[in-house]
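Here's the letter readout for the chains.
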Amino acid sequence: MRVISQRRFGGPEVLEVVEAARPVPGAGEVLVRVHAAGVNPADRLARSGEAPVFGDPPFTLGLDVSGVVAGTGPDVPAFRPGDEVFAMVPGGGYAEYVTVRADALAPKPASVDHVHAAAAPRACLTAWQALVDLGRVAPGHRVLIHAAAGGVGHIAVQLAKVQGAYVIATARAELHGFLRDLGVDEPLDHTRTDFALTVRQVDIAFDLVGGDYGPRSLATLRPGGLLVPAVLTGLGVTPEEAAARGARLRPVVVHPSGSTLEKAAALMAAGRLRPHVSAVLPLEEAGKAHEVAAAGRTQGRIVLTV
């Protein structure tokens, strides 16, 4: 099979197409013929070595896949060859085939194509685990979402609205129309307005930026409010510092969950959760996809077709 691999850390140019043996599913695993793979910021951080989540090269990137079951290992009663599925995987998604734990898979909504399904898994799981599992977002809550037009952010906006929240979102002014279409109640241009000085009485702040966004977000929270960072590096604040300001800090570390993806799939099928894809490129142009993503102007996800 064809895979995208890298033999060293570096820029997009280190990504290359190589031939590899097709993996064999073990007990509790499913072999998926990948039709599309999402491009995540974590892929770029792993590629460069800034956040070496896959260890040292060689390795294959790719955390989001959508495809068709090509085979199963022992003890997999829920899936059969031919089933259309999507999942978050622990790397290896930039390939023609990947093995996936059965409990990480969910049936792909029939009304959603593979490209849009591949844009969803990690984003849906991160947003769900942050806002629903940790944040317990409920009707009437005020939710602040940073980088709201990005891959995770635009899903978080929609999920918060499904939960009945009032959503305040930071993004550049030219993206505010996109955010309003998603349901944002109060878009803020972070290049012109200091949210730390203007936003107040927030129940949950969801930080997808890191750095000084964490400590600045504390100023927006009501007493007892919750800051949920979802960044790989640079939280910018400690639980003790949050507590000293009357707030709580609960970082989210996303993990695969087929059962959560099934809930997200139901919302996608109902049109209440719409993954946005800003660009589609063939697998061979993974390096170009990383270059486009690095420009920082992406709405939603970039997806590779396989």
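Refer to the structure above for everything that follows.
Residues numbered from 1 in each chain as written. Predicted model: local features only at pLDDT ≥ 70, side-chain atom pairs only at ≥ 80, totals over all residues. Heavy atoms only, no water.

Caption draft 1: Layout of the sheet that holds strand 13 (residues 248-249). Taken together, 6 strands build an open sheet; the order of strands is 10-9-8-11-12-13 and the sheet is parallel. Both outer strands of the open sheet, strand 10 (186-188) and strand 13, are each paired with one neighbouring strand and no more. Against the sheet, helix 3 (residues 121-134) touches strand 8 (142-145), strand 11 (202-207) and strand 12 (221-229), its axis set at about 160° to strand 11. (Pairing = 2+ DSSP bridges. Helix = DSSP H or I, 4+ residues; strand = E, 2+ residues; numbered from the N terminus. Contact = heavy atoms within 4.5 Å. Axes fitted to C-alpha atoms, helices over the stretch in contact; angles between N-to-C directions.)

Caption draft 2: A look at the side chain of His 114. With respect to the helices, strands and loops of the structure, His 114 is situated in helix 2 (residues 114-118). What makes His 114 buried here is its relative accessible area of 13%. A polar contact is formed between the side chain of His 114 and the side chain of Ser 66, at a distance of 2.8 Å. A polar atom in the side chain of His 114 sits 3.3 Å from the side chain of Glu 84. Setting aside anything within four residues of it in sequence, one finds His 114 in contact with His 35, Ala 36, Ser 66, Gly 67, Val 68, Glu 84 and Lys 108. (Buried < 20%, exposed > 50% of the residue type's maximum accessible area, 1.4 Å probe, protein only. Polar contact = N/O pair within 3.5 Å; in protein donor to acceptor, adjacent residues only side chain to side chain.)

Caption draft 3: Molecular detail of the pattern of salt bridges. Going through the model one piece at a time under the given rule, you end up with 12 salt bridges. Note that Asp 189 is salt-bridged to Arg 192, the shortest N-O span being 3.4 Å. Look at Asp 189 and you get buried, because its relative accessible area is 8%. Using a relative accessible area of 71% as the deciding quantity, one classes Arg 192 as exposed. With a shortest N-O distance of 2.5 Å, Arg 222 and Asp 203 are connected by a salt bridge. Here Asp 203 lies in strand 11 and Arg 222 lies in strand 12, a separation of 19 residues in the sequence. Among the charged side chains, a network of salt bridges with common partners joins Arg 2, Glu 96 and Glu 284. (Salt bridge = Lys/Arg side-chain N within 4 Å of Asp/Glu carboxyl O.)

Caption draft 4: Representation of the packing of helix 3 against helix 9 (residues 258-269) in the model. Their axes nearest at 10 Å, the elements helix 3 and helix 9 cross at an angle of 105°. One way to sum up the angle between helix 3 and helix 9 is to call them roughly perpendicular. Taken together, the residues of helix 9 that come into contact with helix 3 (itself represented by Pro 121, Cys 124, Leu 125 and Trp 128) are Thr 260, Leu 261, Lys 263, Ala 264 and Leu 267. (Parallel < 35°, antiparallel > 145°, perpendicular 65-115°, else oblique.)

Caption draft 5: Looking closely at the packing of aromatic side chains. Summed over all chains, the structure comprises 3 aromatic pairs. Cluster of aromatic residues (ring-pair linked, three or more members): Phe 9, Phe 54 and Phe 59. Between Arg 22 and the ring centre of Tyr 97, over which it is positioned, the NZ or CZ distance is 4.0 Å. Taking the ring centre of Tyr 213 as reference, the NZ or CZ of Arg 216 above it sits at 5.3 Å. (Phe/Tyr/Trp six-rings, centres within 6.5 Å; stacked < 30°, edge-to-face > 60°. Lys NZ or Arg CZ within 6 Å of the ring centre and 35° of its normal.)

All we've got here are geometric facts, nothing functional implied.
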